[in-house]
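Structural overview
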Amino acid sequence: MAYRNQSSVKEFTLSGLSQSYESHAIFFVVFLVLYLMTLSGNLAVMTAVQSDAHLRSPMYFFLSNLSFLDICYTTVTIPKMLINMLSERKTISFNQCISQLFFLHLFGGTECFLLTVMAYDRYVAICNPLSYNIVMNHRFCFWLVAFSWFAGFLHSFTQAFLTYQLPFCGPNKINHFFCDVHPLAVLACADTFFIDMFIIANSGMISLGCFVVLLFSYLGIITTIVKIHSSDGRRKAFSTCASHILVVIFFLLPPIFIYLRPPINYPADKLISVLYTVLTPLLNPLIYTLRNQEVKNAMKKIWGQCSVLAAHCVKS
């Protein structure tokens, strides 16, 4: 890892989603709309949770943090991608590239751990409801979120640090629409076997490990739900867990495919990356709000207050 000073590449060129200039305008409009919808949807969830006294439970505390992470996560990649779609030189400096990689894995890794924490919250709520308020107290919830951020930071720091040490002598064209470890490793003019194995052991195993833990958590939850005598109780429990399971599938399965293998560029990698960097942060507020009456009621209340305020401003 003593090769950093030998790097001659000062900037990289991002290939983007398509080489066709005709499609850039369409992609720009589509991804701009998706980004604005992601921002507005997640901000609406955060506002609803903070403004409604009925949404003070741990589940909504974690949901608010998830929405914040989704806003940060998409902001790391989409704005730069939109700028490049309008630019002739689709470049990113070396330091900006490493920074993008760091924050991408910081927010993505933190979200992996947070989703696992949310599964634990649902497990305690459904499988051990009598002691739920004792176990999932405010202090414990705060430390669970803090642990998620700390684990995400350790993950992203090691990824960015090892990539920063690699020498890049050319070519400098990254076959992706954002900077990530795999696309950068294939451009390094040095043996990247150690980093390749570390990526598999780190990113790949984190995604797979969280997915396995979540899978067993929900197997326990489903086993408990089946034993519920009330059909209304079973329906409510299944509805709550189904939304979380959908989020987990959309967010964790694509990274397992991307990172749990050697750094070989497949044509489908860009499309798969769109799933967990663009679509999942958009779907999170939709999945949780469409299947959660309490959040919908809080949003309706906020919308009503905004309508009254707007009408008052127009009259005055």
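Everything below is about the structure shown above.
Presented here is an overview of the structure given in this document. (Residues numbered from 1 in each chain as written. Predicted model: local features only at pLDDT ≥ 70, side-chain atom pairs only at ≥ 80, totals over all residues. Heavy atoms only, no water.)

1. Observations concerning the overall build of the protein
Under the convention used in this document: Strands are runs of DSSP state E lasting at least 2 residues, helices are runs of H or I lasting at least 4, and numbering of each runs from the N terminus. Exposure is judged per residue with a 1.4 Å probe applied to protein chains only, and the accessible area is read against the type maximum: over 50% gives exposed, under 20% gives buried, and values in between give partly exposed. Contacts between residues were defined by any pair of non-hydrogen atoms, one from each residue, lying within 4.5 Å. Only the protein chains shown count as cover for residues, with accessible areas throughout obtained via the Shrake-Rupley method and a probe of 1.4 Å.
Across its full length, the protein holds ten helices and three strands. The order of helices and strands in the protein, counted from the N terminus, is β-α-α-β-α-α-α-β-α-α-α-α-α. Here the protein, with 316 residues, has 50% of them falling under the buried criterion. Counting only contacts in the protein whose residues sit at least 6 apart along the sequence, the fraction spanning at least 24 positions is 80%. Here the protein displays about 15700 Å² of accessible surface, and carbon together with sulfur accounts for 70% of that area.

2. Quick look at the packing of helix α2 (residues 58–85) against helix α3 (residues 94–127)
To characterise two packed helices, one gives the angle between the axes of the helices and the distance between these axes. The condition that has to hold: To get an axis, fit a line to the C-alpha atoms, keeping to the stretch in contact for a helix; angles then go from 0 to 180 degrees between the N-to-C directions. Between 65 and 115 degrees an angle is taken as roughly perpendicular, under 35 as roughly parallel, over 145 as roughly antiparallel, and anywhere else as oblique. Left-handed describes a crossing in which the near helix is turned anticlockwise from the far one by less than a right angle; the clockwise case is right-handed. Note on residue categories: nonpolar means Ala, Val, Leu, Ile, Met, Phe, Trp, Tyr, Cys or Pro, charged means Asp, Glu, Lys or Arg, and polar means any other residue, Gly included.
At a minimum axis separation of 9 Å, α2 and α3 run at an interaxial angle of 160 degrees. It follows from the interaxial angle that α2 and α3 lie roughly antiparallel. For α2 against α3, the interelement crossing comes out left-handed. Tallied by class, residues from the contact of α2 with α3 come to 16 nonpolar, five polar and five charged.

3. So, the state of the cysteines
In plain terms, the rule: Cysteine sulfur atoms are paired as a disulfide whenever they fall within 2.5 Å.
Summed over all chains, the structure comprises two disulfides. The disulfide that involves cysteine 169 links it to cysteine 189, with 2.1 Å between the sulfurs. Across the S-S bond of cysteine 169 and cysteine 189 the torsion is about 50 degrees, and the bridge reads as right-handed. Remark: cysteine 189 occurs in the loop between α6 (181–185) and α7 (193–226) and cysteine 169 occurs in the loop between α5 (138–165) and β3 (173–174); sequence separation between them is 20 residues. You can call cysteine 169 partly exposed: its relative accessible area is 41%. The exposure class assigned to cysteine 189 is partly exposed, which follows from its relative accessible area of 36%. Here the protein pairs its bonded cysteines, counted in sequence order, in the arrangement 1-3, 2-4.

Function cannot be inferred from these measures alone, as they are strictly geometric.
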